Amino acid sequence: MSGAPPEKKRRRNGKAVCALLLATSVFALLRPAQPYAQVTELRGEVSESAILDDQQRKTRQLNIAQDQTAQAGATTQSTAPTPTYQPASPGAVQDDDAAPATGSIFDPPEATDDPFADAPVPVPPRRPSNATQRAADQDEAAETQAATATTAPTDDEDTAETDPINSRAVTIDSADRQQLNPGAERAEAIEGRDRRAEDDPFAATGIKLGSFVIRPTLEQGLKASSNADSSSEGKPALLSETTLRFNAISDWRENSAIVDGYGTFLKTLSGDEVEEARGRVEGTLNVDLDNDLRAIATLGYEAAPETASSPVVIEGTVEEPVSQTIDGSLAVEKDAGKMRFALTGAVEHDIYGDAKLSTGGTLSQKDRDSTLYTATLRTGYEISPAITPFTEVEIGRRAYDLRVDSNGFERSSTGLGVRAGAELDLGEKLAGEFSAGWLREAIDDDRLPAISGATVNADLRWSPERGTTIGLIGQTTVEGTTTPDESGDILYSGLLTGEREIRANLIGNAALGVGWRDYVGSDGHDLILSAEAGLTWWLNRYAGLTTRARTEKQTSNLEGRDYTAHSIFVGVTLQP
């Protein structure tokens, strides 16, 4: 009985010790750990601007410390003790005396008396971001440049005083880093670029056909005329006028081909009965040959009724006979230095249809059919890229299909002409050529005098300002006749045209024409004057409204050749 209580007492004491140790262990485990989140890299988001401001503040403090150290070193002796190390960033090392916490995110962890707390692990320095590193590198470069510009260090100075005390280490690739080239910036997408404004937003786009681009235009309207057939006895009428024009241009790489044409059809709706059709088609081919040779070939066809201004008047006809012309030429050009040579051969064949008489029947005009052969040699010298003077010599032969006409005259003739002029090439401002000379055509029949006279030719285009084009065309033509005892005549014609782009969709045009016909073998002459003005208002790229007014007058000292005609046209113009 007496030994039992001590044993129970020891058991209770052992249990109490175990419980105490267990409680102590649990308390140690449940004790909150020191918040290292403020001293490790996992401390939450810090803005780049805050880091940059902190770095700049530390840099300014470092500059102040360097200036103070340099001044102190200059005044003290060389035996002065080495200055105490001053870090670039306050708080980078622990002071000897415990400094109170400043509340900065860079404060070191506080010491603790907890025996169970582990020794704080040194926190690695935070890796600077790219923005911080670039800012530091720029500040360092600026400081180095400023120091070099203000003071030049000598060999006697201590290198330790000139170098930064706590300079930042640069990255490995900092030497290879270069400033961004503005030309290497990202290019804008094609879809985002501004579209270039069209020079002529209302021009016909054309139709692609093989290797050609065709641009047709259809004009339909009403024409009111005071003299429907432009004759001395003409009457007023209201007519329907339809005109089809087309232009085809090849897109070949080296050579080129152009085809132009038009066709006009007139039909009386009320008034004097008139029904006529006229048109022309012409093609040009340019071929570059070897040895700086160029070949230019043309071929054309035209059909139209004779006008009232024709030198041959047939009495008692119902309507004017139709005349047809087939013409072609081949030219070879050669450039030798500044010399220019060109040889051109041309053929023109005129066919006159039979005239319908008011009394019934027809009158043949086969004795007027003829063929004209010409050869022209041109020689020029380029005194400048803009002006090339030239001279021309032309020989020709006019051969009639009937050697002797119905009146017993031999109408065939031989011609000779000389001309001198100049070619102009000032780009879009002024281009073309003009010439003047003398021409003589001798008739085979000795009873008929030769046709001779001065010649004037011109084809000029002048653009005084953008959107305005002035054109001048001048021609001298020898016209034959079957009138007894007359050789023919010389026709001088000139046409001055102007076109103005008033607005992008409003085009104005005007023309002034003059013609002078001098009859050989008589004192007869004709004077032909004409004027025309028109407007085209494009509703869109494909349709527009067109109107024009025209007047024409011919005066002659020969009986029955005077006439005056006025007309107004209103219609629409369509183009694909």
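Note that this is a predicted model, so its numbers are computed, not measured. (Residues numbered from 1 in each chain as written. Predicted model: local features only at pLDDT ≥ 70, side-chain atom pairs only at ≥ 80, totals over all residues. Heavy atoms only, no water.)

1. Digging into the overall build of the chain
Here is step 1 of the chain: Broken down by element type, the chain carries 4 helices and 21 strands.
Here is step 2 of the chain: Sorting the 576 residues of the chain into buried and exposed places 26% on the buried side.
Here is step 3 of the chain: Across the chain, contacts joining residues at least 24 apart in sequence account for 56% of those joining residues at least 6 apart.
Here is step 4 of the chain: For the chain, the accessible surface area stands at approximately 38100 Å², while carbon and sulfur atoms represent 57% of it. (Helix = DSSP H or I, 4+ residues; strand = E, 2+ residues; numbered from the N terminus. Buried < 20%, exposed > 50% of the residue type's maximum accessible area, 1.4 Å probe, protein only. Contact = heavy atoms within 4.5 Å. Areas by Shrake-Rupley, 256 points an atom, 1.4 Å probe, with all protein chains shown as cover.)

2. Structural notes on the pairing of strand S13 (residues 413-425)
Here is step 1 of the chain: Strand direction decides the pairing type here: strand S12 (residues 387-400) and S13, joined by 12 bridges, are antiparallel. By the bridge assignment, glycine 396 is partnered in S13 with glycine 415.
Here is step 2 of the chain: Sheet topology note: the S13/strand S14 (residues 430-443) ladder contains 13 bridges and is antiparallel. Within the sheet, the bridge partner assigned to glutamate 423 lies in S14 and is glutamate 433.
Here is step 3 of the chain: The antiparallel pairing of S13 with S14 creates a hairpin that spans 4 residues between the two strands, and glycine 427 there sits at a positive phi of about 70°. (Pairing = 2+ DSSP bridges.)

3. A look at the side chain of serine 530
Here is step 1 of the chain: Here serine 530 is to be found in strand S19 (residues 525-538).
Here is step 2 of the chain: The class of serine 530 is buried, set by a relative accessible area of 19%.
Here is step 3 of the chain: If near-sequence neighbours (up to four positions away) are discounted, serine 530 is found in contact with Ala511, Leu512, Gly513, Arg550, Thr551 and Glu552.

4. Details of the side chain of serine 412
Here is step 1 of the chain: As for its position among the elements, serine 412 is in the loop between S12 and S13.
Here is step 2 of the chain: Of the residues examined, serine 412 reaches a relative accessible area of 8% and is grouped as buried.
Here is step 3 of the chain: Here tyrosine 400 takes part through its backbone nitrogen, which lies 3.3 Å from a polar atom of the side chain of serine 412.
Here is step 4 of the chain: In this view, serine 412 contacts Arg397, Arg398, Ala399, Tyr400, Ala442, Ile443 and Asp444; residues no more than four positions away in its chain are not counted. (Polar contact = N/O pair within 3.5 Å; in protein donor to acceptor, adjacent residues only side chain to side chain.)

5. Re the pattern of salt bridges
Here is step 1 of the chain: Counting across every chain of the model gives 33 salt bridges.
Here is step 2 of the chain: Two residues, lysine 267 and glutamate 273, come together in a salt bridge whose shortest N-O distance is 3.5 Å.
Here is step 3 of the chain: Overall, lysine 267 belongs to the partly exposed group, its relative accessible area being 31%.
Here is step 4 of the chain: The class for glutamate 273 is exposed, based on a relative accessible area of 54%.
Here is step 5 of the chain: Of the charged contacts in the structure, one is a salt bridge between arginine 517 and aspartate 526, with a shortest N-O distance of 3.3 Å.
Here is step 6 of the chain: Take arginine 517: its relative accessible area is 2%, and that puts it in the buried class.
Here is step 7 of the chain: In this structure aspartate 526 comes out as buried when scored by relative accessible area, which is 0%.
Here is step 8 of the chain: Connected through shared salt-bridge partners, Arg378, Glu392, Glu394, Arg419, Glu423 and Glu433 make up one network. (Salt bridge = Lys/Arg side-chain N within 4 Å of Asp/Glu carboxyl O.)

6. Observations concerning the packing of aromatic side chains
Here is step 1 of the chain: Inspection of every chain in the model, using the stated rule, returns 1 aromatic pair.
Here is step 2 of the chain: Ring geometry for phenylalanine 212 and tryptophan 252: centres 5.7 Å apart, planes at 75°, overall edge-to-face. Here the residue phenylalanine 212 occupies a position in strand S2 (residues 212-225), and tryptophan 252 occupies one in the loop between strand S3 (237-250) and strand S4 (256-271), the gap between them amounting to 40 residues.
Here is step 3 of the chain: What makes phenylalanine 212 partly exposed here is its relative accessible area of 23%.
Here is step 4 of the chain: Its guanidinium or amino end placed over the ring of tyrosine 352, arginine 368 lies 3.9 Å from that ring's centre, counting from NZ or CZ.
Here is step 5 of the chain: Here the basic side chain of arginine 548 rests over the ring of phenylalanine 569, its NZ or CZ set 4.3 Å away from the ring centre. (Phe/Tyr/Trp six-rings, centres within 6.5 Å; stacked < 30°, edge-to-face > 60°. Lys NZ or Arg CZ within 6 Å of the ring centre and 35° of its normal.)

7. Things to note about the pairing of S4
Here is step 1 of the chain: Relative to S4, S3 is paired through 13 bridges, and the arrangement is antiparallel. Looking at S4, one finds that leucine 244 is bridged to glycine 263.
Here is step 2 of the chain: Hairpin connection between S3 and S4: a loop of 5 residues separates the two successive antiparallel strands.
Here is step 3 of the chain: Hairpin connection of S4 to strand S5 (residues 275-288): 3 residues between the antiparallel strands.

8. Remarks on the confidence of the model for the chain
Here is step 1 of the chain: The share of residues in the chain with pLDDT of 70 or more is 70%, and the mean pLDDT across the chain is 81.
Here is step 2 of the chain: In the predicted structure, residues 32-42 sits below a pLDDT of 50 and forms 16 contacts with residues beyond four places in sequence or in another chain.
Here is step 3 of the chain: In the model, residues 149-162 has pLDDT below 50 throughout and makes 2 contacts with residues more than four positions away in sequence or in other chains. (pLDDT = per-residue confidence, 0-100.)

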